Amino acid sequence: MNPFSYQNGTLMAEAVDLQHLAKTYGTPLYVYSRAALEERWQAFDQAFGAQPHLVCYAVKTNSNIAVLNVLAKIGAGFDIVSQGELERVLRAGGDPKKVVFSGVAKQPAEIKRALEVGIRCFNIESHAELERIQEVAQQLNKIAPISIRVNPDVDAKTHPYISTGLKDNKFGVDINTAPELYQLAAQHSHIQPIGIDCHIGSQLTEIKPFVDALERVLALKAQLTQQGIELHHLDLGGGLGIQYTDETPPAINEYIAALLAKLNDTQIEVIIEPGRAIAGNAGVLLTQVEFLKPTAHKNFAIIDAAMNDLIRPALYQSFMDIIAVTPRTDGSDAQWDLVGPVCETGDFLGKGRNLNLKAGDLLAVKSAGAYGFTMASNYNTRPRAAEIMVDGAEAHLIRRRETYDDLIGLESVITE
Ligand code: LLP
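All values derive from a computational prediction rather than experimental measurement. (Residues numbered from 1 in each chain as written. Predicted model: local features only at pLDDT ≥ 70, side-chain atom pairs only at ≥ 80, totals over all residues.)

Attention shifts here to the overall build of the chain. Counting secondary structure elements, the chain contains 12 helices and 21 strands. For a compact globule of 416 residues, the expected C-alpha radius of gyration is about 22 Å, and the chain comes in at 23 Å, within 12% of that figure. Taken over 416 residues, the chain has a buried fraction of 46%. Restricting the contact set of the chain to residue pairs at least 6 apart, pairs at least 24 apart contribute 70%. (Helix = DSSP H or I, 4+ residues; strand = E, 2+ residues; numbered from the N terminus. Rg over C-alpha atoms; globule rule 2.2 N^0.38 Å. Buried ≥ 20, exposed ≤ 12 C-beta atoms within 10 Å, placed from the backbone. Contact = placed C-beta atoms within 7 Å.)

Our focus in this paragraph is the environment of lysine 208. For lysine 208, the location among the structural elements is in helix H8 (residues 208–226). Along the sequence, lysine 208 and aspartate 406 sit 198 residues apart, while their C-alpha atoms lie 46 Å from each other.

Looking now at the UniProt feature "active site" (unreviewed entry) in the chain. Taken from the UniProt record, the annotation "active site" (unreviewed entry) applies to Cys343. As for its placement among the helices and strands, cysteine 343 is situated in the loop between strand S17 (334–339) and strand S18 (348–355). (UniProt positions renumbered as here; feature names shortened; annotations may be inferred.)

Turning our attention to the environment of serine 102. Among the structural elements, serine 102 can be located in the loop between strand S7 (99–101) and helix H5 (108–117). Using a count of 29 C-beta atoms within 10 Å as the deciding quantity, one classes serine 102 as buried. Sequence separation between serine 102 and arginine 34 is 68 residues, and the spatial gap between their C-alpha atoms is 26 Å. Those residues in contact with serine 102 that lie beyond four places of it in its chain are Asp79, Val81 and Asn123.

Further remarks concern the packing of helix H2 (residues 34–47) against helix H9 (residues 252–263). A pair of packed helices can be characterised by two numbers: the angle between their axes and the separation between those axes. In the contact formed by H2 and H9, the axes pass within 9 Å of each other and the chain directions differ by 30°. Relative to H9, H2 is oriented roughly parallel. The handedness of the crossing between H2 and H9 comes out as right-handed. Every residue of H9 that contacts H2 at Ala43, Phe44 and Ala47 is listed here: Ile252, Asn253, Ile256 and Ala257. In terms of residue class, the contact of H2 with H9 is built from six nonpolar, one polar and no charged. (Axes fitted to C-alpha atoms, helices over the stretch in contact; angles between N-to-C directions. Parallel < 35°, antiparallel > 145°, perpendicular 65-115°, else oblique. Left-handed = near helix turned anticlockwise from the far one by under 90°. Nonpolar A, V, L, I, M, F, W, Y, C, P; charged D, E, K, R; others polar.)

Following this line, the structure appears as structure tokens:
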């Protein structure tokens, strides 16, 4: 489904008028569709059919507790990378037994909390981390269930900043040395190896790298079985891409079908950690045109959202589609660079866009449900945007706009 469609010349989120939302809550404003979030998670879940599986939504993608709560209610598990994300999952009513904990450097306090609440699995990324988890588990007299995140050295063919499965990335352990680390792990008193983990990158638009990675993971699993290490699950990470403009990522069911075909009826549990493919196209960022500033060289439209609200274009040169909420029909389009109020030349959300603009117009930045708000900052002491969840004809404020007190209240001047 596309939850954002035009009705009577104006863009709606489900049955809610975006002009009305902008008037009520101000801009910049993130707006998410509950139905779209649910539908995308369910598409993953259903594609597995009878294969034992768990779809762990990657919390970093969009971690508002209302988003997590909606997914928890339909049975989602969660992939977390910090205690902060764990606390969000718990407050959102998520089941800790469906939580996997990724990330290259889990702190002892984070490990302790995760053991206390009883998460499903730690995805270990190095020998040093294995030792740290053993130590904390021993102190608590608990057994830590673990997977080792292996680096299958597969080229995900995506932006270098979000490619994670190559030998020169910081993530995981070399798949060739993984058997030794599993042997070692199995000898630890408070560690129980239960799975293999890998995640090769994000915004993948082809199936082949996923299948290649799975092939290598299955070979490792076979080798471990020979060594007497029986595993309960394979965690294949996230990474399925979405359409921002003209990309043609595989459909969710095609992607899962390709994984299942490679598994060839092996009844092992499969965990996946999708983020973007669930939340990306379930959200938009609304922003208002402040000024038009045509120059001899270029046309700038200065909008009230900036790189601090949505950093993807500045950080990865990502293309985010930007459309008018109520398009004009008088046919005087021009090319505009859509730039924010932050004092950086890199502060743009789109360049050279064909739009028919006037000051005061409302624009929607599409595909902003993933890695939008979660990567927002207070740079230039700008309060972060409010967030809304639309559910049919209802709109819920799920995070109020920050106030200046929110921003400055944690600081203090020295008294002398
Ligand atoms: N699992 C692990 C271990 C991850 O590191 C990630 C994302 C995911 C799952 C979810 O991946 P997804 O299904 O969303 O591709 N900020 C960047 C994306 C960074 C992705 C980091 N890891 C962006 O805006 O494109």
